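Fold and geometry: a report
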Amino acid sequence: MSRSAHPAGPRHADVLPEGHYSAPPADLNALDPKVWAQTVTREEDGVVSVGGIPVTRLAEEYGTPAYVLDEADFRARARAWRTAFGADADVFYAGKAFLSRAVVRWLHEEGLNVDVCSGGELATALSAGMPADRIAFHGNNKSVDEITRAVEAGVGHIVLDSFQEIVRVAHIAQGLGKRQKVLIRITVGVEAHTHEFIATAHEDQKFGIPLAGGQAAEAVRRALQLDGLELVGIHSHIGSQIFDMSGFEVAAHRVVGLLKDIRDEHGVELPEIDLGGGLGIAYTSDDDPREPHEIAKALSEIVTRECEAARLRTPRISVEPGRAIVGPTAFTLYEVGTVKPLDGLRTYVSVDGGMSDNIRTALYDAEYSVALVSRTSDAGPMLARVVGKHCESGDIVVKDAFLPSDLAPGDLLAVPATGAYCRSMASNYNHVLRPPVVAVDGGEARVIVRRETEEDLLRLDVG
């Protein structure tokens, strides 16, 4: 059931009604493999390890909070998507989920492309050696400088998001003596079953050109007339954290209908269709995401069926998983600072991070799991709320979870499935320093994004 948020944020002292939350798990020390990276295990001494390294050692060496990323898990998920879609389709990793030069190199080595949506993301992808023709450039308001750099670099696709951008990209490309391959992003009127802020295919939002009212058809007419553009396909993205494939089926039906109209009006069969990303992951044990091979089979069957009915050649399919690859591969490691029981309500557990390293709970009312990882415990469960150190009542990391009742300051907690949109949306609220990203693999750990320092903060403050 949806709730209206107070303009200032979450309701003060919001308390779950009795019976709303699930019963405590049978074993508080168990780690559900559905929500943890593949190499995460609890060792005989009770300490959790990842990539063969105990979290206690990681905390000692790199400090907390820290994002800990399982490189083997990341690579395995990237390969699974690449294998599932095969050589006749393209998999673009959505860089907005989390991007670093190490990640770009892993993607390159595993045969994936990269989708960027800003000049900074483009610079990161290019600096790490991703071939420009394997980069797609998104965004609803790309600047002239960003477009110019993308065209000069030779990016494979620019996704056009407005009528103004059609002219802008064409003008820049023609001035550079180039013909830029483009897709037109359309909104197909599909209401994805997700949070309002991450649903992107209904008409009343900022992305794309509406299919309704003939606007998308007019955008195609204009793009086909401009010498600086080579229109190669249509792009559709219906939202994020989606488990139900029915929305993709409706979207594919409407996109293929537009392709048929383009063929009938212009005598052109566009060779590509990009169905975006947005497939969900397991943040809690209740989530049930689909595997890449299931998604690939379903999308291929949907597009093939629709094209056969329209008597069109089946176009090359592209997809854009981001969260689905990097989300499950990382957890955030925290140290407990204070434990504050509130009789009859719950216990507030404060950690040394918060909304500056994970804004999703405050922004989307997102749900997460959490576990005590520095030891095991035989104590009974307590209903807890894991909160951060910021001066904000909405600074919540995990809204409601059961943790051992003997939890104490100095214990280490880990929140799984924080690889996507946590570091990339991190802030310096209260001038808190953003945590490092530590990659682990085969018993070795290394920093791929270092922790910020006070010098970093002060360097930007010119006084």
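Quick look at the pairing of strand S9 (residues 180–187) now. Across the eight residues of S9, seven count as buried, placing the element largely inside the fold. As defined by bridge partners, strand S8 (residues 157–160) adjoins S9 across three bridges and the pair is classed as parallel. Opposite Leu160, over in S9, you have Ile184 as the bridge partner. Each parallel crossover has a hand, and for S8 linked through helix H6 (residues 163–175) to S9 it is right-handed. In this sheet, strand S11 (residues 229–235) lies alongside S9 in parallel orientation, the contact comprising six bridges.

Attention now goes to the confidence of the model for the protein chain. Averaged over all residues, the pLDDT of the protein chain is 92; the fraction at 70 or higher stands at 92%. Throughout residues 1–19 the model reports pLDDT below 50, and contacts reaching past four residues in sequence, or to other chains, amount to 15 contacts. Counting interchain partners and residues more than four positions distant, the pLDDT-below-50 stretch residues 194–202 has 32 contacts.

Relative to the helices and strands, Pro24 resides in the segment before strand S1 (41–42). Sequence separation of Pro24 and Pro381 is 357 residues, and the distance between their C-alpha atoms is 6.7 Å.

One pass over the structure, following the stated rule, counts 24 salt bridges. Here Arg75 makes a salt bridge to Glu110, at a shortest N to O gap of 2.9 Å. Of the two residues, Arg75 sits in helix H2 (residues 71–85) while Glu110 sits in helix H3 (residues 101–110), which places them 35 residues apart along the sequence. Summarising the burial analysis for this pair, Arg75 and Glu110 share the class buried. Put simply, Asp400 and Arg346 hold a salt bridge, and the shortest N to O gap is 3.0 Å. Of this pair, Asp400 sits in strand S18 (residues 396–404) while Arg346 sits in strand S15 (residues 346–351), and the two are 54 residues apart along the sequence. On the basis of relative accessibility, which here comes to 5%, the residue Arg346 falls in the buried class. Each of the salt bridges in this network shares a partner with another, and the network as a whole consists of Glu71, Arg75, Arg79, Glu109, Glu110 and Arg446.

A separate point is the pairing of strand S5 (residues 89–94). Counting buried residues along S5, six of its six residues qualify, which places the element largely inside the surrounding structure. Side chains Ala89, Val91 and Tyr93 of S5 all project onto a buried face; the interleaved residues Asp90, Phe92 and Ala94 project onto the opposite face, where all are buried too. Pairing of S5 with strand S13 (residues 316–319) involves three bridges; the strand directions are parallel. Its bridge partner lying in S13, Ala89 is registered against Ile317. Bridging between S5 and strand S6 (residues 113–116) involves three bridges; their strand directions are parallel. Pairing of Phe92 across the sheet is with Asn113, part of S6. Crossover connection from S5 via H3 to parallel S6: handedness right-handed.

Where helix H5 (residues 144–153) is concerned, the buried positions are Ile147, Ala150 and Val151. Projected onto a plane normal to the axis of H5, the buried residues spread over an arc of 95 degrees and lie on a single side. Tucked inside the fold, the buried residues of H5 contact helix H4 (119–127), strand S7 (135–137), S8, H6 and S9. The positive-phi residue at the C-terminal boundary of H5 is Gly154, with phi of around 90 degrees.

Rules and cut-offs
- Residues numbered from 1 in each chain as written.
- Predicted model: local features only at pLDDT ≥ 70, side-chain atom pairs only at ≥ 80, totals over all residues.
- Heavy atoms only, no water.
- Buried < 20%, exposed > 50% of the residue type's maximum accessible area, 1.4 Å probe, protein only.
- Helix = DSSP H or I, 4+ residues; strand = E, 2+ residues; numbered from the N terminus.
- Pairing = 2+ DSSP bridges.
- Right-handed = clockwise from strand over helix to strand, strands pointing away.
- pLDDT = per-residue confidence, 0-100.
- Contact = heavy atoms within 4.5 Å.
- Salt bridge = Lys/Arg side-chain N within 4 Å of Asp/Glu carboxyl O.
- Arc of directions from axis to C-beta.

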